[in-house]
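Residue-level structural notes
For reference, the chains in residue letters:
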Amino acid sequence: MQVVEANGARIPLIGLGTWDLRGRVCARMVEEALRLGYRHIDTAAMYDNEREVGEGLRASGIKRDEVFITTKVWQSDLRARAFEQSTKQSLVNLKLSEVDLLLIHWPNPNIPLAETMGALCKMKREGLARHIGVSNFTVALIEEAVRLATEPLVCNQIECHPFLDQSKVIAATRQHGMAVVAYSPVARGKAPGDRVLARVGKAHDKSAVQVCLRFLVQQDIVVIPRTSKSARLAENFAIFDFALTPAEMKEVGALASRRGRIVEWDGSPQWD
Ligand SMILES: NC(=O)c1ccc[n+]([C@@H]2O[C@H](COP(=O)([O-])OP(=O)(O)OC[C@H]3O[C@@H](n4cnc5c(N)ncnc54)[C@H](OP(=O)(O)O)[C@@H]3O)[C@@H](O)[C@H]2O)c1
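Now for a description of the structure that goes with this document. Being a predicted model, the structure only gives us computed values, none of them experimental.

Here we come to the overall build of the chain. Each helix and strand counted, the chain has 10 helices and 10 strands in total. Expressed along its principal axes, the backbone C-alpha trace of the chain runs to roughly 55 × 45 × 35 Å. Residues classed as buried in the chain amount to 56% of the 272 residues present. Looking at the chain alone, contacts between residues at least 24 apart form 76% of all its contacts between residues at least 6 apart. For the chain, the exposed surface amounts to about 12,000 Å²; the carbon and sulfur share of it is 48%.

What follows is the structure, given as structure tokens:
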């Protein structure tokens, strides 16, 4: 399994996203993914599926220390005490003594970042999380977070796919040695139907989705595609046996737009 190294962490380049996977489907997809070779699972307190993620992990028979598990603390729990409680509850749900990566899920402008960063760093110091990071942080917020952190931050998890220009936030993330983790990497269904991705894929006998994911991992961007279907687990994983040419990378890169965001809601940060 290829990994991205970032400030002491070794993050597997592909993981299974689990937002919206619930109950038995979630446990089954996690188990199947791990049996297929995935070694990275992305969950969050807000997804309400940490119990099932833990079940899938145990059912897979893969040793705990071979799997990289990420969870996140939701925006409403960023006060120090709530943050700690949320983290501890996540560990109870997962039936784990520590997660590999703990993230602030979304920034909350109503809670001082200094307080949240203090709590996040404490979780690492106390061994509840092997590594810590942030998600949905803008260029300005990354700078502030790095300044406030007393422990290394290893990633910024952001919406990232060929249809969205994230060049500024990617540069800021990398400037601090942090990995970029791409959420919604297949643009929630936009990638499968895209004609450019499909045409590029034809030359490699690959699908549009495989080209989409390859485009990201070829730039050392970690991807966490979600699927509820076994066949697609395998399809999304089969992206390490081909490479896009520089011309193809350029062509796919040209799909990006500043307005290409698909995940937006009232609590979204104002991006640079
Ligand atoms: N930090 C954050 O704020 C944040 C926000 C959003 C997401 N995330 C994380 O990122 C993960 C991935 O993002 P996402 O779930 O928003 O979107 P995504 O992975 O880009 O897209 C998921 C959708 O694509 C479909 N799909 C997956 N593989 C496919 C394939 N090979 N062919 C055709 N369709 C395919 C899935 O349908 P089927 O189930 O039918 O296959 C599903 O509807 C989440 O699950 C979550 O873990 C984090």
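Attention now moves to the environment of L113. Mapped onto the elements, L113 comes out in helix α4 (residues 113–125). For the pair formed by L113 and K95, sequence separation is 18 residues and the distance between their alpha carbons is 29 Å.

Further remarks concern the side chain of H131. Relative to the helices and strands, H131 is located in strand β7 (residues 129–135). Residues contacting H131, with those up to four places away along its chain left out, are G8, A9, D100, L101, L102 and V154.

The next thing to look at is the pairing of β7. Of all seven residues in β7, six are buried, a share of seventy percent or more. Of the strand pairs in this sheet, strand β6 (residues 99–104) and β7 are connected by five bridges, and their pairing is parallel. Bridging from a neighbouring strand, L103 pairs with G133 of β7. Note that the unit made of β7, helix α5 (residues 139–148) and strand β8 (residues 153–159) has a crossover that is right-handed.

Lining the immediate surroundings of the ligand are 29 residues, of which R188, R226, T227, S228 and K229 lie closest. For the ligand, an oxygen atom lies 2.7 Å from a polar atom in the side chain of D42. The side chain of Q157 places a nitrogen or oxygen atom 3.0 Å from a nitrogen atom of the ligand. Contact with the protein chains covers 90% of the free accessible surface of the ligand, which is 910 Å². With three residues, helix α9 (residues 230–237) is the largest single contributor of residues to the shell around the ligand.

Cut-offs used in this document
- Residues numbered from 1 in each chain as written.
- Predicted model: local features only at pLDDT ≥ 70, side-chain atom pairs only at ≥ 80, totals over all residues.
- Heavy atoms only, no water.
- Helix = DSSP H or I, 4+ residues; strand = E, 2+ residues; numbered from the N terminus.
- Buried < 20%, exposed > 50% of the residue type's maximum accessible area, 1.4 Å probe, protein only.
- Contact = heavy atoms within 4.5 Å.
- Areas by Shrake-Rupley, 256 points an atom, 1.4 Å probe, with all protein chains shown as cover.
- Pairing = 2+ DSSP bridges.
- Right-handed = clockwise from strand over helix to strand, strands pointing away.
- Near = heavy atom within 4 Å.
- Polar contact = N/O pair within 3.5 Å; in protein donor to acceptor, adjacent residues only side chain to side chain.

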